[in-house]
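# Survey of secondary and tertiary structure
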Amino acid sequence: MSGPDWFATNPLVHAIGLGLLHGLWQGVVVAGLAAIALRAIHPKAAGPRHAVLLGALILQLALLALTVAAVYRREIPESLLAADPATWPAAVPIPGDTPAGDLVRPLSDVLAVIRPVLPWLLAVWATGVALSAARLLGGVVSAARMRESAARVSPDLERRARELAMRLALGRPFLILTADGIETPVAIGWRRPAILLPRLLPARETAAGLDSLVLHELAHLKHRDDGVAIVQSALTC
């Protein structure tokens, strides 16, 4: 069997494709539940709100895996339909011979229309995932290079940043640096977090303005938004 033929008839390929189709309505349900939960949480409670959103993404991924596994168990018998019935395992039911056959026949008709193009839709989806993953990896590499070329800020600004971190009860060690190629302050890194400021910002901004900007980025580090963003980006590739 040639590569394209194998791809078009492989039961796992069909199971993943149908799992993604089911993921459309599952995603709507999960998003609705997340929206209800968010309405019950105070808008300023960043930690619980992030937990709800992250939990929704993990739940969506778990539902996809469970759906693919369930569909795959059905796809194996269906993949044998083109073979000699004498070669079927004894446990494989003959389609239409079950009491529920009449009930599922309309759905089977719909799937019969979708099934021929399902592998190629999956190929398009996989290409999009690969491009998104490459973009995410490129962003990680770019951030690492920017950090390596960054410079330390003045001792006075570093001291004020430490004092602000103590006020927030931030227990994570961090660096505060200036870098080229950014227009606004940004917190990067997970294991070794750092706050990057635009190279010329300390010279243009007042001390009070700098403290406000640094405090905002320190809050991101306190809530571990950097790690949450990485997980969310990976799950939504």
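Described below are features of the structure shown in this document. If you're wondering where the values come from, they're calculated on a predicted model, not measured in any experiment.

## Considerations on the side chain of Thr-67
Tracing the backbone shows Thr-67 in helix 3 (residues 46-79). A polar side-chain atom of Thr-67 sits 2.9 Å from a polar atom in the side chain of Gln-26. At 2.7 Å, the side chain of Thr-67 forms a polar contact with the backbone oxygen of Leu-63. With near-sequence residues (within four places) excluded, Thr-67 lies in contact with Gly-19, His-22 and Gln-26.

## Structural notes on the side chain of Glu-217
Mapping Glu-217 onto the fold places it in helix 8 (residues 207-222). Despite its burial, Glu-217 pairs with no opposite charge, the nearest such side chain being Arg-172 at 11 Å. Engagement of the side chain of Glu-217 in a polar contact is seen with the backbone nitrogen of Ala-187, the distance being 3.2 Å. Residues contacting Glu-217, with those up to four places away along its chain left out, are Pro-185, Val-186, Ala-187 and Ile-195.

## Some details on the pattern of salt bridges
This structure, assessed with the given rule, holds seven salt bridges. Note that Glu-163 is salt-bridged to Arg-159, the shortest N-O span being 2.9 Å. With Glu-163 and Arg-159 both in helix 6 (residues 155-167), this residue pair falls four residues apart, about one helical turn. Of the residues examined, Glu-163 reaches a relative accessible area of 41% and is grouped as partly exposed. Counted as one network, the salt bridges with shared partners bring together Asp-156, Arg-159, Arg-160, Glu-163 and Asp-211.

Conventions adopted
- Residues numbered from 1 in each chain as written.
- Predicted model: local features only at pLDDT ≥ 70, side-chain atom pairs only at ≥ 80, totals over all residues.
- Heavy atoms only, no water.
- Helix = DSSP H or I, 4+ residues; strand = E, 2+ residues; numbered from the N terminus.
- Polar contact = N/O pair within 3.5 Å; in protein donor to acceptor, adjacent residues only side chain to side chain.
- Contact = heavy atoms within 4.5 Å.
- Buried < 20%, exposed > 50% of the residue type's maximum accessible area, 1.4 Å probe, protein only.
- Lys, Arg positive; Asp, Glu negative; His and termini not counted.
- Salt bridge = Lys/Arg side-chain N within 4 Å of Asp/Glu carboxyl O.

Fair warning: the whole summary comes from geometry, so function is off the table for now.
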